[in-house]
Amino acid sequence: MAAESGASPQTLLRPEVLALAAYHVPDASGLVKLDAMENPWALPPELAADLGRQLAGVAINRYPTADAPVLKAAIRKALGVPEGCSILLGNGSDEIIQLLALAVARPGAVLASVEPTFVMFRMIATFAGLRYASCDLQPDFSIDVDAVLTLLERERPAILFLATPNNPTGNAHPREAIERIAAAAPGLVVVDEAYYAFGDGSYLDLAARYPNVLVMRTFSKLGMAGLRLGFLVGARAWLDELEKLRLPYNINALTQAAATRLLADYAVLADQARRIREARAPLATAIAALPGTEVFGSEANFILFRVPDAQRTFDGLLERGVLVKNVSRAHALLAGCLRVTVGTPGENDRFLDALARTLAAVQGPGLPG
Ligand SMILES: *Cc1c(COP(=O)(O)O)cnc(C)c1O
C-alpha cells in the first residue's frame, strides 16, 4: 500500500460518479423471477440441441468477426430493417445508449427524455458527462407532446430518448406524437423499441423517413437476455460516424453464432412473444379484480399496477417466493406502483395467489378498501 500517494476514490473520481447509486440487481435464486422482463419460455429441445451443435463449432480461440455481417444480414431478414438504413450492433442496447451519449458529449450538451422512463437514460447521461433534462408524462402516463416541444425549445438537447412501449409504464406513445417531436427536435431522436415484440406497431420506418431519427431494439426481452445483443437502425451518415466509437469486438463469437441461429427460427421467438401477449390481458384483469389495485394498460411483456402500500406488498410477495420490481420510489407519478413481468401460466398463477394473500394480509381483516 502506497499510503503517501493520496489517491482515493473520493479524490480521484468525478463527483457525479461518486454521487451515483449503483444499478442494483437482486438475487433471485429460488424465487419466481418476475422482475426483469425476461421471456420465461425455454427453447424447443430440437432447436436447443442444434444451437449446441452450432456453438460447439465456433472458433473461440479467434477474435469474433468484427463487423458481424452474417448476424446483421439475419437481423435485416428477420425484422424487415428498411432498405437504405444501416445497422449498428451493441452488447445489449444499454451499450448503444452509452455509445450515443459518448458521441454527443460536447461540453454543455444535453440528453433528454420523458419521465418516468428507463433509468439507464439518466444514468448513462451522467456517465458520459451530459446534463440530463426531462419533462413528465401525464398521470395516466400518456405523452404530453406540448411539454416535450417546450423541453426541446428550452434545452436544445443533442439527443432525446423515447422508449415505446415505455418502461416501467407499459404504454406505447402514438405515432403522431413521435412524428411531431421528431419534426421539431433540434438533435437526434432515438426511439427505443425494446418491447416491440409485444406491441401492435413498429416505428422502424421512421428511421428511413426522418433524417434525425434512430430506432433501437434489443433481443433481451425476446428470449436472448443472456446473450447481450441490441441494435440501432438509421441513416448511414449517422451510423458510419457512430461505428467509430464501437469497440471492435463488442459482440462476442458465441453471441454472434447463437443469435444468427435463433433468428433463422424467428417464428419460434415470435410465437413465444405471442403467448406472453395473450397472457397479459387475463393477468391484468385478475390483478384489477383484487381489492385496492389500479392497473395500467400495457403493450409490453409486463404490467404496472398500484397498490395501497407498495413496500409491504413487495415484501409480502417476496416472503411468498415471488420477485417483482418495486418502482414506487423511482418517480412521484409511480407512487404505490409495482411492476410485474408476464410469466408462464404457472408463474402468473403463483404471482396472483401470492398477491391476493399479501393484499389481504396488508390491508388486514375488516378494513375498508
Ligand atoms: C430492457 C431495456 C433496455 C436494455 O436492454 P438490453 O438488455 O441492454 O439490450 C433498453 N431500453 C428499455 C426501455 C428497456 O426496458
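Computed from a predicted model, the values in this text were never measured in an experiment. (Residues numbered from 1 in each chain as written. Predicted model: local features only at pLDDT ≥ 70, side-chain atom pairs only at ≥ 80, totals over all residues. Heavy atoms only, no water.)

Caption draft 1: Focus on the domain arrangement of the protein chain. Annotation of the protein chain at the domain level lists domain 1 (9–43 + 267–363) and domain 2 (57–265). Across the contact, 30 residues belong to domain 1 and 34 residues belong to domain 2. Contact between domain 1 and domain 2 buries roughly 2600 Å² in total, counting both sides, with carbon and sulfur atoms accounting for 67%. Three residues stand out in domain 1 for area buried against domain 2, namely L269, E299 and L333, and they jointly supply 25% of the buried area on that side. At the surface where domain 1 touches domain 2, the tally comes to 0 salt bridges. A total of 7 residues in the side of domain 1 that touches domain 2 trace back to one element, the largest contributor, which is helix α12 (residues 266–288). Classifying every residue of the side of domain 1 that touches domain 2 by side-chain character gives 18 nonpolar, 5 polar and 7 charged. (Domains from an automatic or database assignment. Contact = heavy atoms within 4.5 Å. Buried area = accessible area lost by both parts, 1.4 Å probe. Salt bridge = Lys/Arg side-chain N within 4 Å of Asp/Glu carboxyl O. Helix = DSSP H or I, 4+ residues; strand = E, 2+ residues; numbered from the N terminus. Nonpolar A, V, L, I, M, F, W, Y, C, P; charged D, E, K, R; others polar.)

Caption draft 2: Up close: the site of the ligand. Near the ligand you find 13 residues, and of these D192, Y195, T218, S220 and K221 are the closest. Within the side chain of D192, one N or O atom sits 2.5 Å away from a nitrogen atom of the ligand. With the chains in place, 94% of the 390 Å² that the ligand exposes on its own is no longer accessible. With respect to the pocket detection grid, the ligand is positioned in the largest pocket. (Near = heavy atom within 4 Å. Polar contact = N/O pair within 3.5 Å; in protein donor to acceptor, adjacent residues only side chain to side chain. Areas by Shrake-Rupley, 256 points an atom, 1.4 Å probe, with all protein chains shown as cover. 1 Å grid on protein atoms, 1.4 Å probe; cavity = no way out; pocket = protein on both sides within 12 Å on 5 of 7 lines; lining within 4 Å. Sits in = over half its atoms within 2 Å of the grid points.)

Caption draft 3: Up close: empty space enclosed by the protein. Tallying each qualifying case throughout the model produces 1 cavity of 30 Å³ or more. Size it by volume and the largest cavity reaches roughly 50 Å³. Around the largest cavity, the lining residues are T65, A66, D67, A68, K72, L89, R246, P248, Y249, N250, I251 and Q256. When the residues that make up the lining of the largest cavity are grouped by side-chain class, the tally is 6 nonpolar, 3 polar and 3 charged. (Points joined across faces, edges and corners; volume = space filled by probe spheres on them.)

Caption draft 4: Structural context of the layout of surface pockets. For the largest pocket, the calculated volume is near 1300 Å³. Lining the largest pocket we find 45 residues, and of these Y23, F118, V119, K325 and R339 sit closest to its centre. Of all the secondary structure elements, the ones that give two or more residues to the lining of the largest pocket are α5 (93–104), α6 (119–127) and β12 (325–326). Classifying every residue of the lining of the largest pocket by side-chain character gives 23 nonpolar, 10 polar and 12 charged. For the lining of the largest pocket, the two domains that each supply at least three residues are domain 1 (9–43 + 267–363) and domain 2 (57–265). Reported here for the second largest pocket is a volume of approximately 170 Å³. Lining the second largest pocket, in full, are A59, Y63, P64, T65, A68, P69, V70, L71, A253, Q256, A257 and T260. Of all the elements in the fold, those that place two or more residues in the lining of the second largest pocket are α4 (69–79) and α11 (253–264). No other element matches α11, which puts 4 residues into the lining of the second largest pocket.

Caption draft 5: Looking closely at the pattern of salt bridges. This model, assessed by the stated rule, comprises 24 salt bridges. Where R122 meets E115, a salt bridge forms, and the shortest distance between an N and an O atom there is 3.9 Å. By relative accessible area, which is 43% here, R122 ends up partly exposed. On the basis of relative accessibility, which here comes to 8%, the residue E115 falls in the buried class. In this structure, E155 engages R131 in a salt bridge whose closest nitrogen and oxygen atoms are separated by 2.8 Å. Here E155 is found in helix α7 (residues 145–155), whereas its partner R131 is found in strand β4 (residues 131–136), with 24 residues between them in sequence. The exposure class of E155 is buried, given its relative accessible area of 16%. Linked through salt bridges whose partners overlap, the residues forming this network are D50, R53, R261 and D265. (Buried < 20%, exposed > 50% of the residue type's maximum accessible area, 1.4 Å probe, protein only.)

Caption draft 6: Here's a closer look at the nonpolar core. Membership of the largest hydrophobic core comes to 93 residues, with the highest contact counts inside it found for I75, F219 and F351. If one sorts the elements of this core by residue count, α12 sits on top with 8 residues. Listed in part, the 28 residues of the second largest apolar core include I96, A128, I159 and M216. (Core = buried A, V, L, I, M, F, W, Y, C linked by side-chain atoms within 4.5 Å.)

Caption draft 7: Examining the sheet that holds strand β10 (residues 302–306) more closely. Read from one edge of the open sheet, 4 strands run β9-β10-β13-β12, paired in antiparallel fashion. Whereas interior strands pair on both sides, the edge strands pair on one side only; in this sheet they are β9 (294–295) and β12. Taken together, the 2 bridges between β9 and β10 define a ladder with antiparallel strand orientation. The partner of V295 across the bridge, within β10, is F305. (Pairing = 2+ DSSP bridges.)

Caption draft 8: Quick peek at the environment of A103. Looking at the element boundaries, A103 is found in helix α5. Each residue touching A103, except ones within four places of it in the same chain, is listed here: L242 and L245.

Caption draft 9: Inspection of the pairing of strand β5 (residues 159–163) at higher detail. Of all the 5 residues making up β5, 5 are buried; the element is thus mostly covered by neighbouring parts of the structure. The side-chain alternation of β5 yields two buried faces, one formed by I159, F161 and A163 and the other by L160 and L162. Two strands pair when backbone bridges link them, and β5 and strand β6 (residues 188–192) are joined in this way by 5 bridges, in the parallel orientation. Paired with F161 across the two strands is V190, which belongs to β6. The handedness of the β5 to β6 crossover, carried by helix α8 (residues 175–184), is right-handed. (Right-handed = clockwise from strand over helix to strand, strands pointing away.)

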